[in-house]
Amino acid sequence: SLIVTNAHRIHHGMEPIYNQEYGDFFFLPGQNPMDTADLVEDLVSRRLPAHYGFDPMMDIQVLCPMKKGPCGVEALNERLQRSLNPNREEGPELLDRKKIFRKGDKVMQIHNDYDLEWISQEGLGQGVYNGDSGIIKEINEEEGRMIVSFDGREVTYEGEKLQELDHSYAITIHKSQGSEFSCVILPLVPGIPILLTRNLLY
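Bear in mind that the values here come from a model prediction, so they are computed numbers and not experimental data.

Each value, and the rule that gives it
- Residues numbered from 1 in each chain as written.
- Predicted model: local features only at pLDDT ≥ 70, side-chain atom pairs only at ≥ 80, totals over all residues.
- Heavy atoms only, no water.
- Helix = DSSP H or I, 4+ residues; strand = E, 2+ residues; numbered from the N terminus.
- Buried < 20%, exposed > 50% of the residue type's maximum accessible area, 1.4 Å probe, protein only.
- Contact = heavy atoms within 4.5 Å.
- Areas by Shrake-Rupley, 256 points an atom, 1.4 Å probe, with all protein chains shown as cover.
- pLDDT = per-residue confidence, 0-100.
- Arc of directions from axis to C-beta.
- Polar contact = N/O pair within 3.5 Å; in protein donor to acceptor, adjacent residues only side chain to side chain.
- Phe/Tyr/Trp six-rings, centres within 6.5 Å; stacked < 30°, edge-to-face > 60°.
- Lys NZ or Arg CZ within 6 Å of the ring centre and 35° of its normal.
- Core = buried A, V, L, I, M, F, W, Y, C linked by side-chain atoms within 4.5 Å.

Provide a residue-level description of the overall build of the chain, including the pertinent values.
The helix and strand tally for the chain stands at 5 helices and 12 strands. By principal-axis analysis of the C-alpha atoms, the chain measures approximately 55 × 35 × 35 Å. By residue count, 38% of the 202 residues in the chain fall in the buried class. Across the chain, contacts joining residues at least 24 apart in sequence account for 57% of those joining residues at least 6 apart. Summing over all exposed atoms, the chain offers an accessible surface of approximately 12,400 Å²; the carbon and sulfur share of this is 50%.

Quick look at the structure:
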């Protein structure tokens, strides 16, 4: 895999090898951050699923160096939600911190919560942790409650607990550490120099 080869090359300050016909590491140039954001949306929603059969929800993860800007986590999450899980007529939604959550959304736990209870086929348990990613399975608008499935562990969120969730169509590289994905898209555009380091790309 060129991913392994390029990890070593990047670590040693060498240019990655990319865009080989049957490779698994590609570089696609963008004219500017907005153009790059358009490209990311097209890759996630159309090109990669069509060409490789990837599920845009389960297989593809967008990793960003930054939270702000057209190619930051916040803007790309809004864009990818509109593209992959748009508002459906009369579909239930919850609004929290100016973010709209819908059934089918890809979300992430953003704080360790050792007391949060979950239920699975194996029984009951406790604890959902920073970086755990799941899918919203159910929303009750009237009661302000939703159920999220984390690989079969179903957790109920309501009230202040909703603040422990964020969309995860796009996440920061920092949040991704320790995780594995079938396909990664990494938009690199001009920004704060301290965030654009060789180590971050590695």
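Additional details are given in the paragraphs that follow.
Any chance you could break down the confidence of the model for the chain for me, citing the residues and the numbers?
Taken over all residues, the pLDDT of the chain has a mean of 93, while the share at 70 or more is 100%. At the low end of the mean pLDDT range in the chain sits strand 2 (residues 93-96), at 85; at the high end sits strand 1 (residues 60-64), at 97.

Now, about helix 1 (residues 2-11): what can you tell me, with residues and values included?
Where helix 1 is concerned, the buried positions are L2, N6 and I10. Buried residues of helix 1, seen end-on, are gathered within an arc of 65° and therefore sit on one face of the element. Seen from the buried face of helix 1, the exposed residues on the opposite side, beyond 90 degrees, are V4 and H8. Against helix 5 (198-201) lie the buried residues of helix 1. In this structure S1 caps helix 1, since a side-chain oxygen of it lies 3.1 Å from the backbone nitrogen of I3. Following helix 1 by one or two positions, G13 has its phi on the positive side, about 75°.

An account of the packing of aromatic side chains is needed here, citing residue identities and associated values.
Aromatic rings considered in pairs are described by the distance between their centres and by the relative angle of their planes. Counted under the stated rule, the structure contains 4 aromatic pairs. The ring of W118 carries the charged tip of R153 above its face, separated from the ring centre by 5.7 Å.

For the environment of I110, give the residues involved together with the corresponding values.
Along the chain, the position of I110 falls in the loop between strand 4 (106-109) and strand 5 (113-120). Using a relative accessible area of 19% as the deciding quantity, one classes I110 as buried. For the pair I110 and S133, spaced 23 residues apart in sequence, the C-alpha to C-alpha distance is 9.3 Å. If we skip the residues at most four places from it in the chain, I110 touches R97, N130, Q163, E164, L165, D166 and K175.

Help me get a handle on unusual backbone geometry, residues and values and all.
The backbone phi angle of N19 is positive, close to 60°, even though this residue is not glycine. On the secondary structure map, N19 appears in the loop between helix 1 and helix 2 (33-52). N19 gets classed as partly exposed once you look at its relative accessible area, which sits at 39%. Residues other than glycine seldom take positive phi values, yet D151 does so here, at roughly 50°. Among the secondary structure elements, D151 is positioned in the loop between strand 8 (145-150) and strand 9 (153-158).

Provide a residue-level description of the nonpolar core, including the pertinent values.
Counting residues in hydrophobic clusters, the biggest one holds 21 residues, and the most contacted among them are V44, V62, L76 and I185. At the level of elements, helix 2, strand 1, helix 3 (73-84) and strand 12 (183-185) are the ones that each hand at least two residues to this core. Every residue in contact with L76, bar those within four places of it in the chain, is listed here: A37, V40, V62, C64, P70, C71, A170 and P187. Of all hydrophobic cores here, the second largest spans 15 residues; its members include I136, F150, L162 and L165.

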